[in-house]
Protein chains: 2
Amino acid sequence: MATTAISSGKLRGFMKLADESGRFKMMAIDQRGSMVTALAETLGIEKPQVKYDQVASLKTLITRILAPNATAVLTDPIYGHPYSITEIPRDVALLLAYEESGYVSEGVSENERLSNPIANWTIGKAQRAGADAIKLLAYYHPDASEATLQHQQDFVRHVGDECEKHDLPFLLELVSYAFEGTTKSLEFAKQKPDLVIRSVEEFTDPSYKVDILKLEFPADLKYTEEYQDRGFYAGESAYGLSEVEDVCRKLDAASTLPWVILSAGVDIEEFIENVKLATAGGASGFLCGRAIWKNVFQSYPDIAAVTQFLENDATTNFHNANAAAENALPWFEHRHYGGAENIRLERQSENWHEEY
Amino acid sequence: MATTAISSGKLRGFMKLADESGRFKMMAIDQRGSMVTALAETLGIEKPQVKYDQVASLKTLITRILAPNATAVLTDPIYGHPYSITEIPRDVALLLAYEESGYVSEGVSENERLSNPIANWTIGKAQRAGADAIKLLAYYHPDASEATLQHQQDFVRHVGDECEKHDLPFLLELVSYAFEGTTKSLEFAKQKPDLVIRSVEEFTDPSYKVDILKLEFPADLKYTEEYQDRGFYAGESAYGLSEVEDVCRKLDAASTLPWVILSAGVDIEEFIENVKLATAGGASGFLCGRAIWKNVFQSYPDIAAVTQFLENDATTNFHNANAAAENALPWFEHRHYGGAENIRLERQSENWHEEY
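Residues numbered from 1 in each chain as written. Chains lettered and ligands numbered in written order. Predicted model: local features only at pLDDT ≥ 70, side-chain atom pairs only at ≥ 80, totals over all residues. Heavy atoms only, no water.

S.K.: Just to check I follow, could you spell out the overall build of chain A for this structure?
M.R.: Within chain A, the secondary structure is distributed over 13 helices and ten strands. A compact globule built from 356 residues would reach a C-alpha radius of gyration of about 21 Å, and chain A, at 20 Å, matches this within 12%. Principal axes of the C-alpha set define a box for chain A whose edges measure 60 × 45 × 45 Å. Put simply, chain A has 356 residues, and 62% of those count as buried. Taking the intrachain contacts of chain A between residues at least 6 apart in sequence as the baseline, contacts between residues at least 24 apart amount to 73%. (Helix = DSSP H or I, 4+ residues; strand = E, 2+ residues; numbered from the N terminus. Rg over C-alpha atoms; globule rule 2.2 N^0.38 Å. Buried < 20%, exposed > 50% of the residue type's maximum accessible area, 1.4 Å probe, protein only. Contact = heavy atoms within 4.5 Å.)

S.K.: Teacher, can you tell me more about the environment of V92(A) here?
M.R.: Tracing the backbone shows V92(A) in the loop between α4 (81–84) and β4 (93–97). Counting along the chain gives 37 residues from V92(A) to A129(A), while the straight-line C-alpha distance between them is 15 Å. When sequence neighbours within four positions are dropped, the list of residues in contact with V92(A) reads A67(A), A70(A), T71(A), A72(A), V73(A), R12(B) and R90(B).

S.K.: Any chance you could explain the packing of helix α8 (residues 241–254) of chain A against helix α9 (residues 268–281) of chain A here in plain terms?
M.R.: Residues and elements named next belong to chain A. In the contact formed by α8 and α9, the axes pass within 8 Å of each other and the chain directions differ by 50 degrees. With respect to α9, the axis of α8 lies oblique. Crossing hand, α8 versus α9: right-handed. In this structure, α8 uses L241, V244, E245, C248, R249 and D252 to contact α9, whose residues at the interface are L277, A278 and G281. Across the contact of α8 with α9, the residue classes tally to five nonpolar, one polar and three charged. (Axes fitted to C-alpha atoms, helices over the stretch in contact; angles between N-to-C directions. Parallel < 35°, antiparallel > 145°, perpendicular 65-115°, else oblique. Left-handed = near helix turned anticlockwise from the far one by under 90°. Nonpolar A, V, L, I, M, F, W, Y, C, P; charged D, E, K, R; others polar.)

S.K.: Honestly, the interface of chain B and chain A in this entry has me stumped. Any pointers?
M.R.: Taken together, the 47 residues of chain B in the interface contact 47 residues of chain A. The contact between chain B and chain A buries some 4200 Å² in all, and 54% of this surface belongs to carbon and sulfur atoms. Area buried by chain B at its contact with chain A is led by R12(B), R90(B) and R128(B), which between them contribute 22% of it. One can count four salt bridges joining chain B with chain A. Among the ionic pairs, K16(B) bridges to D132(A), the shortest N-O distance being 3.2 Å. There are 36 residue pairs in polar contact (both at pLDDT 80 or more) connecting chain B and chain A. Those elements that place two or more of their residues in the side of chain B that touches chain A are α1 (8–17), α4 (81–84), β4 (93–97), α5 (123–129), α6 (146–166) and α13 (352–355) of chain B. (Buried area = accessible area lost by both parts, 1.4 Å probe. Salt bridge = Lys/Arg side-chain N within 4 Å of Asp/Glu carboxyl O. Polar contact = N/O pair within 3.5 Å; in protein donor to acceptor, adjacent residues only side chain to side chain.)

S.K.: What is the right way to look at unusual backbone geometry in this model?
M.R.: For residues that are not glycine, phi is negative in most cases, and the peptide bond is trans in most cases. Looking along the chain, the bond that leaves Y300(A) and enters P301(A) is cis, with omega of 10 degrees. Relative to the helices and strands, P301(A) is located in the loop between α11 (296–299) and α12 (303–324). In this structure, K209(B) takes a positive phi of about 60 degrees despite not being glycine. Mapped onto the elements of the fold, K209(B) is located in the loop between α7 (186–203) and β7 (212–215). In this structure K209(B) comes out as partly exposed when scored by relative accessible area, which is 27%. Within the chain, R347(B) stands out as a residue other than glycine whose phi angle is a positive 60 degrees. On the basis of relative accessible area, R347(B) is assigned to the partly exposed category, the value being 45%.

S.K.: Help me out: how do you make sense of the pairing of strand β2 (residues 24–28) of chain B in this one?
M.R.: A regular strand carries its side chains on alternate faces of the sheet. Residues and elements named next belong to chain B. The buried count for β2 comes to five of five residues, which makes it a mostly enclosed element. Here β2 shows no split at all, with F24, M26 and A28 on one side and K25 and M27 on the other all buried. Across four bridges, the pairing between β2 and strand β9 (residues 285–288) is parallel. Bridge pairing in β9 places K25 opposite F286. Inspection of the sheet shows β2 paired to strand β3 (residues 72–75) by three bridges, in the parallel sense. Residue pairing in the sheet places M27 in a bridge with V73 of β3. (Pairing = 2+ DSSP bridges.)

S.K.: Looking at this structure, how should I read helix α12 (residues 303–324) of chain B?
M.R.: Because an α-helix packs 3.6 residues into every turn, residues spaced three or four apart end up facing the same way. Residue and element names in this part refer to chain B. In a regular helix each residue adds 1.5 Å, so 22 residues correspond to 32 Å; α12 covers 30 Å between its end C-alpha atoms and thus fits that length. Among all positions of α12, only V306, T307, F309, L310, A314, T315, N317, F318, A321, N322 and A324 are buried. On its buried face, α12 is in contact with β2, α3 (52–66), α9 (268–281), β9, α10 (290–293) and α11 (296–299). If you check the start of α12, you find a side-chain oxygen 3.2 Å away from the backbone N of A304, and it comes from D302. (Expected span 1.5 Å × (residues − 1).)

S.K.: What exactly am I supposed to notice about the packing of helix α2 (residues 33–43) of chain B against α3(B) here?
M.R.: In a pair of packed helices, the angle between the axes and the distance between the axes together describe the arrangement. Residues and elements named next belong to chain B. Look at α2 against α3: their axes get within 11 Å of each other, and the N-to-C directions meet at 105 degrees. Taken together, the axes of α2 and α3 are roughly perpendicular relative to one another. Where α2 approaches α3, its residues M35, V36, L39 and L43 are matched on the opposing element by Q54, V55, L58, K59 and I62.

S.K.: Is there a simple way to think about the environment of Y103(A) in this case?
M.R.: Residues and elements named next belong to chain A. Relative to the helices and strands, Y103 resides in the loop between β4 and α5 (123–129). Separated by 53 residues in sequence, Y103 and V156 have C-alpha atoms that sit 14 Å apart. Leaving out residues up to four positions away in the same chain, Y103 has contacts with R113, L114 and Y139.

S.K.: For this particular structure, what's the right way to read the confidence of the model for chain A?
M.R.: Low pLDDT means the predicted atomic positions in that stretch should not be read closely. In this model, chain A carries an average pLDDT of 97, and 99% of its residues clear a pLDDT of 70 or more. What the predictor reports for the complex is a pTM of 0.97 with an ipTM of 0.97. (pLDDT = per-residue confidence, 0-100.)

S.K.: Looking at this structure, how should I read the state of the cysteines?
M.R.: By definition, a disulfide is the covalent link that joins the sulfur atoms of two cysteine residues. Applying the stated criterion across every chain yields a total of zero disulfides over all chains. C248(B) takes part in no disulfide bond, and the closest cysteine sulfur, belonging to C288(B), lies 16 Å away. (Disulfide = S-S within 2.5 Å.)

S.K.: Looking at this model, I keep getting lost on the side chain of N69(B). Mind explaining?
M.R.: All names here are of chain B. Among the secondary structure elements, N69 is positioned in the loop between α3 and β3. With relative accessibility at 17%, the residue N69 sits in the buried group. Aside from chain neighbours lying at most four places away, what touches N69 is T315, F318, H319 and N322.

Below, the structure is given as structure tokens:
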């Protein structure tokens, strides 16, 4: 096999994001909209009444207690970074989110979703601030209108170009959605494999310059018949387990890049199954937030109880997720790279420093 | 005490360069001129006959075996980085040298030294390549001509400005020299405390924007009477041990910034004494190369023997240096920072991402 040349910053970034064996065990604490919503519900107040400091200090506490379990922490530059940066250990990589939380539908169908950047934030700033990689969440439905598809594709391509310019790894998160009804339905569960795989087919095109894909589990175990004895089972089935395993393999076949699984806020029990099935299919690990720590909202604002939950149950959740990811495919073993022994620095020569 | 505000990139860089307790245990493998000289001597050839690949591959081997003992590795972008980058573990920070190896004396007295940048290399490139901090070696003699002083001061200030712009920690190495004769003399040993301390007084001026000083031991233990039973003793004394201890304290008083000790190629036995005395005086650790690994040249080109030396004696040297540095002052305990509890992100607020 020919050697695979990787640019210096991306190579070093990959090494930092994963553990020494090349497996990603990453924590997400970049939630903004969903965290404000959860805090408002817990406190019985309206979302605009949730204070910046409440969000920032909860993120700081979660980061302080859980980050040591992670190979990398994904946070946001608004609520997360300014107060949590000192809580991320030296050997845990820093991922910074680039997109504004949520989506807008202005100018397109109200059922379609446009992603946008955080105002007054740039990838150059992220790099100077110490980010080891950039994360972009793009909502994507392959059957959206041409205008929506174009907007999302252009946005991803812009971030790909900027990451190339700054030589930072680009981690693209793709999140599907329903044009009608809810994603928590038998009907959407049936659509999900197709939506996830078609989105992967789009954004693995080299023109997007993506390095790692952060993907939804490509099926819904709530609607998988073998799980009917589990607490998360929804009461009806879209498919059987062997079909789900097949979907994971098809996703892996479509993904010409290393990929990791996100949790989308499912319970930890279901997430562990997702990680096992995804890594058996070829995933290189996970980037998980709420499945590990979302029960903080059950105790909030009792900080002592929140702390106790984080130190005990949430830490156990993280250990269990890490154990499930031991089966992950090291990123450098993905066919895109072909093994650690085949990886070389791009332009490796005595002139590298001049040509870089 | 008031809180100390640190910019994001510098703060994250500091955290990565030091161990979790804030002590620097860093390895230098950025030697170029001195390594070519040593290889030529060992092989009995002229310096121009030493091949690029010989230097690069020896650096790669040293980095592979010794880097896991370090909190950070300093390498150079010419011989070191392109072939060693994959050998630096994910939890070991990367320092890149900015200066061209050696010095020139054009336009000034032949006894004076001017430092210059590596051609076609920039601090922006270093950041993109994954550097966690920038190192600059500047030769400095406080009694040099005005033109030489100005050149060196301007060069340091330029790097300080660039590091501020890219928000990378700036580690300045100051190396003194003799206008006449050799630095290996009783006379120079007597001058050394004054030279080192006056240089520190110059470059701690905030206009240089230095973050960490990498300093020579401010006396010469070869000329210290209490060491007359040691193998490194030169046969005559410039001072006694209590005077050396006093010099270390005076250096620390002059250094309004955290400082670390370099080895300048002394034997490991002497270097361990340097580290003990410097850290007792207030140093925050070391950045050491040859004292740990210089005996590779005794076995070169027998790579099996070189490897064995690195895995055994050199590793023991590193462990001993690390143990001696356990007494170092954590960087955040330096009076410039005033303790971890007083450190805050600069512009820490909900507008940080906009103002940064």
